[in-house]
Amino acid sequence: MDIISKIKTSNGTIKTPALLPVCALTYGVWDVFIEEKVIPPWKLSEATMFSLEYVRNTKYEEKVSDGFHKLFTEKKPIFVDSGGFQSMKKGIERDPIDVLRFQEKLKADVAATFDYPVPLNIDNSEYILMLEKSINSANLALQNKKRKEMLLYACVHGFSDKEIDWYFSKLDHDFDGYAIGSLVPRKNDYKSLIKIIYRAKMHTHKREKPLHLFGVTGFPMLYALSFMGVETMDSWTYLVASIYKEYIHPETLKRVRMRKVGDIPKCECFVCSEFGMDDFLGATSVPQAYLAIHNLNIFMREMKLINEHVNRNSIEELIEEKSKKNQRIKLVYDYAKNYLKNNKIIE
Ligand SMILES: [Zn+2]
């Protein structure tokens, strides 16, 4: 399906498909990045995703209270989520308007509306109620938005075509984009994900607005989602892997537990040309930051390749090539391609 190739924000344009690294302002590794002791994630990507709950109540909260961008040496688009997922996990309920005002205060370039992500094993009556709350919260935020420059994305939930159709029918048409959530607990079920994402993409395509996908981005999904025309996605796999001392293999794109294998494969990224396994294994934040940036470099390298091939219309060639080292890339892609064909979804 067609992709909206550029998303214009008040701090620059996001060329799509784009992967936004998820960042926070919490302790340790983030201090290293903010002080630029190690090149930070936000210098390597088109845009960055900040998680609101990981900005609130941090020592940086005061500093960013009149604009996020002051903290960074380079101005690039910043997407601030609503913290709905973390709030759900912590059992806190936020006021949607309060969340919106905080995003406005931070001068987010893109903000997502406060939502109520659906956990696994929820009973049906409660589930529909949560969907309704997310819809109301999104429409309410749109009516109350004050900061014109900030793009507002409505959070979308639903697990069947019918639910997604209903959800979109209840959403106002004036959002700048849409962001689909609740998929993290289901991220291993690629068949269901593809079905849900296609349905959402059909609606955003009709409305001529971009679609963002929260938190589901292993490499096989990254390829399939780009093929499906999803404009932006976010991931913090690069960072989570670094916490476990896992190194993303530059060829198989799989996470390698360094202590277990005792060796790391050759990598040409700017971190690995200067540092090696011993530099990544230390227990402090700097080695972790280096490892995270190697991991992110691999994500960004793949994203760049995907972009080039999407533009040249040769994504299949790239998938064939990548599948030699990682068969799951082809498996997920083939499923997406057949799903599109069988459902006669217009390309
Ligand atoms: Zn590397």
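Further up the page is the structure itself.
Residues numbered from 1 in each chain as written. Predicted model: local features only at pLDDT ≥ 70, side-chain atom pairs only at ≥ 80, totals over all residues.

### A look at the overall build of the chain
1) Next: Helix and strand counts for the chain come out as 13 helices and 12 strands.
2) Next: Seen through its principal axes, the chain has C-alpha atoms that stretch 55 × 50 × 40 Å.
3) Next: Taking contacts inside the chain between residues at least 6 apart in sequence as the whole, the part at least 24 apart equals 70%. (Helix = DSSP H or I, 4+ residues; strand = E, 2+ residues; numbered from the N terminus. Contact = placed C-beta atoms within 7 Å.)

### Thoughts on the nonpolar core
1) Next: Core analysis: the largest hydrophobic core is formed by 97 residues, its most contacted members being I180, I197 and A224.
2) Next: Top element by residues in this core is helix α11 (residues 285-312). It accounts for 10 residues.
3) Next: Apart from the residues within four sequence positions on either side, I197 is in contact with I180, L213, L225, M228 and V230. (Core = buried A, V, L, I, M, F, W, Y, C linked by C-beta atoms within 7 Å. Buried ≥ 20, exposed ≤ 12 C-beta atoms within 10 Å, placed from the backbone.)

### A few points about helix α12 (residues 315-323)
1) Next: Three or more residues of α12 are buried, namely L318, I319 and K322. Looking straight down α12, one finds that the buried residues subtend no more than 100° of arc, so they occupy a single side. Away from the buried face of α12 by more than 90 degrees, exposed residues E317, E320 and E321 are located. (Arc of directions from axis to C-beta.)

### Some remarks on helix α3 (residues 96-105)
1) Next: All of the buried residues along α3 are P96, V99, L100, F102 and Q103. One face of α3 carries all of its buried residues, which in axial projection span an arc of 160°.
2) Next: Of the surrounding elements, those touching the buried residues of α3 are β5 (78-80), β6 (110-112) and α4 (124-144).

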